[in-house]
Amino acid sequence: MEQLTPDMMLVMGMIGVAIFLFIVEWVRVDVVAILMMVSLPLLHLVTPKEAFVGLSSNAVVSIIAVIIIGAGLDKTGMINKLVKPVLAIAGTSTSRIIVAISFTVAIISSFMQNIGAAALFLPAIQRISKLQKIPLSRLLMPVGFSAILGGTITLVGCSPLILLNDLLLPFHLEPFGLFDVTPIGLVLVASGILCFIFLGKFILPQGGASEDQDTELTCTLDTSYELGTNGLCAYELTTPADFTHYRDTIRVGDLHRRYLVNILALTQPPDVKVMSPSLDTEIRSNVDLVVWGDKKNVDRMAAEAEMQQKETIECYGKEFDTAHSGVVEAVVSPRSPFSGRALGKNNFNDRFRVTPLSVHRQEDVFRAKLDDIILQTGDVISFYGTWKRLEALHQEGGLLFSLPSDLEDMRPEKALWAGGWLILSLVMIMGFDIQLSVALMTGALGMVITNVLSIDEAYQSVDWRTIFLLAGLIPLGIATQKTGTAAWIAGSILDIIGDVQPIVLLTVIGILSTLFTLVISNVGATVLLVPLVVNMAIAAHTDPRMAALVVGLATSNSFVLPTHQVNALYMGPGRYRTFDFIKAGSLVSILFLVVMITMIHLFYGV
């Protein structure tokens, strides 16, 4: 075996640094990728041209185009229109609903990013859960896993498969076609759905239809409206005449911090009713206010502040009628402008006049010090406000509401154009053998020219973090191959496992890819592993294309932990715990590997 060289040791050191930073998350993954992009030419491991070749690669341009096409399909409401016919076919059976929605999401996910498909269907699934009285936890995980599996149906369904052909170029191997992976992907989707149909009651959280939904309101007052959840309720109080005489000025934010209650409405002189007041609003004497919180905290506040607590909502009965206002849940979406910022910095009270009531993250519910919570993708925020104000917040974007779809700024009149440009792109790829990036960018450009999307909306739809992550890691893959590091590592691994049958080698590669994608991004795992496994396959006299294909598919085998974007997005709304993903994801991951290897053996004869 070839001896280690200084360049090989440097490359392995850079790989180790990248993996370490991916795991500890001291900086964002795209920053890690840019660090690799800059460091590698400085260390003379790649040329400057090779360092930035990722920014113009076929894979990166294809991903940008796929995202824009997906945004166009979303903007025209084409995907929302699928919900009604899907439900009509499924009826009221929980199993048929899971099959119908999961398969629909999987098909959509095969032509756009799976996180995009999952985000688009989240509000619809929430509405279906309430309408059919099905616990949300029994729907979201099967649909989320199907969105991930749907990325394996076509070569443009997920970033690793889009990237695959570019990574095969240095080895002069035949590229894969758009639908070469379709038989494998369809069987993977079917096996995943069937797993939940037959074993769902053992691996999914069980419970009543309202247990998983904080917006299923359970606190009933002697008025025409309902507002509350899990023992929290709304109460109307009146401040005494001398409330401001002998104490420092008390503001809305002060009551929240002291008593963990939210002020939903108050009266300001002379008789102005203010809904969802600003945190800086002063509480005056002889005013009515409506607070939301635990009864013990409300009683304590009333006693200490000498407020009079009313038996019912009197002055605000009309304002708190469900026709006028209510509580909704909103999920922080991928690429949301609210993500990464403290909730208080987003100024929901001041900008939109809605009141954040709580934040649900994975297994935790936060009601104290909400202003200091740094929002993350998948966080579920409960808001109270008038429907008009909530609609304004919905129009802002960045949050996924379980609100009627007619509140959205859709362009249904452009639906035929959007569908036509998608079909044209696919025809160009299949019928005219035009390069993937050119065909897809034609469809994306068509969306802009025909005003399905404005050019600004097209730019805003692209997740530039993913683009730079991919572009920054491509030179690391080049360095791994160019310096001989991939061949050296491949030889070392083969020395350890010895001579094995091709199917055994592919199984080992599948397991290795699965483990990698649990701790680093699927793009990072693909870039690092494809040069390695191709060298392993060549040395072991196994088809190197199949070894690369296993990596491209197995990096989607990310179900065990809620680290995948789709899992993170659905964890909050579904009220899942990490253990729920471990229990269901472990079974689906094993099934994925068995089905993938079996299909490659049967379909490609390995």
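Residues numbered from 1 in each chain as written. Predicted model: local features only at pLDDT ≥ 70, side-chain atom pairs only at ≥ 80, totals over all residues. Heavy atoms only, no water.

**Q** How would you sum up the pattern of salt bridges? Please name residues and give values.
**A** All told, the structure shown has 13 salt bridges when counted by the stated rule. Of the charged contacts, one joins Glu50 and Lys482 as a salt bridge, the two residues approaching to 2.9 Å between their closest N and O atoms. Here Glu50 is found in helix α3 (residues 48-51), whereas its partner Lys482 is found in helix α19 (residues 464-482), with 432 residues between them in sequence. Among the residues examined, Lys482 registers a relative accessible area of 47% and is labelled partly exposed. Linking Glu329 and Arg575 is a salt bridge whose minimum nitrogen-to-oxygen distance equals 2.5 Å. (Salt bridge = Lys/Arg side-chain N within 4 Å of Asp/Glu carboxyl O. Helix = DSSP H or I, 4+ residues; strand = E, 2+ residues; numbered from the N terminus. Buried < 20%, exposed > 50% of the residue type's maximum accessible area, 1.4 Å probe, protein only.)

**Q** So what's going on with unusual backbone geometry? Residues and values would help.
**A** Phi at Ser276 takes a positive value of approximately 50°, unusual for a residue other than glycine. Its identity is not glycine, yet Arg575 carries a phi of approximately 55°, on the positive side. In this fold, Arg575 is placed in the loop between α24 (565-574) and α25 (578-604). Using a relative accessible area of 15% as the deciding quantity, one classes Arg575 as buried.

**Q** Hey, could you go over the confidence of the model for the protein for me, with residue numbers and the actual values?
**A** The share of residues in the protein with pLDDT of 70 or more is 93%, and the mean pLDDT across the chain is 84. Long-range and interchain partners of residues 208-230, a stretch whose pLDDT sits below 50, account for 68 contacts in this model, where long-range means more than four residues apart. (pLDDT = per-residue confidence, 0-100. Contact = heavy atoms within 4.5 Å.)

**Q** Mind laying out α24, listing which residues take part and the relevant values?
**A** Counting buried positions along α24 gives eight out of ten residues, so the element sits mostly inside the fold. For α24, every residue scored as buried is listed here: Val566, Asn567, Leu569, Tyr570, Met571, Gly572, Pro573 and Gly574. Arg575, located one to two residues past α24, shows a positive phi value of around 55°.

**Q** Give me the lowdown on the sheet that holds strand β9 (residues 364-366), citing residues and values where you can.
**A** One open sheet holds the five strands; their spatial order is β9-β8-β10-β7-β11, and the pairing between them is antiparallel. Both outer strands of the open sheet, β9 and β11 (399-401), are each paired with one neighbouring strand and no more. With direction set aside, neighbouring strand axes in the sheet form an average angle of 30°. For strand β7 (residues 325-332) and strand β10 (residues 380-386), the ladder comprises seven bridges, and the chain directions are antiparallel. When the sheet's bridge partners are listed, Ser325 is paired in β10 with Thr386. Sheet contacts for helix α8 (residues 114-132): β7 and β11; angle to β11, the most-contacted strand, approximately 30°. The sheet contacts of helix α15 (residues 387-396) involve β7, β10 and β11, and relative to β10 the element is tilted by about 135°. (Pairing = 2+ DSSP bridges. Axes fitted to C-alpha atoms, helices over the stretch in contact; angles between N-to-C directions.)

**Q** Outline a nonpolar patch on the surface, supporting the account with residue identities and numerical values.
**A** Taken together, the side chains of Ile34, Val38, Leu42, Phe52, Leu55, Ile455, Tyr459, Trp464 and Phe468 make up a nonpolar region of the molecular surface, amounting to roughly 830 Å² of accessible area. Every element with two or more residues in the nonpolar patch is listed here: α2 (29-42), α18 (455-461) and α19. For the nonpolar patch, the element with the most residues is α2, which contributes three residues. Judged by its relative accessible area of 37%, Leu55 falls in the partly exposed class. (Patch = residues over 30% accessible without salt bridge, like charges linked within 9 Å, V, L, I, M, F, W, Y side chains within 5 Å. Areas by Shrake-Rupley, 256 points an atom, 1.4 Å probe, with all protein chains shown as cover.)

**Q** Can you explain the pairing of β10? Please cite residues and give values.
**A** Of all seven residues that make up β10, seven are buried, and the element is covered over most of its length. Looking at chain direction, strand β8 (residues 355-361) and β10 are connected through five bridges and run antiparallel. Within β10, the position partnered with Thr355 by the bridge is Tyr384.

**Q** Account for the pairing of strand β3 (residues 262-268), with residues named and values stated.
**A** Burial runs high along β3: six of the seven residues are buried. Pairing geometry for β3 and strand β5 (residues 288-294), over four bridges, is antiparallel. What sits directly across from Ile263, in β5, is Val291. Here β3 pairs with strand β4 (residues 272-275) via four bridges, running antiparallel.

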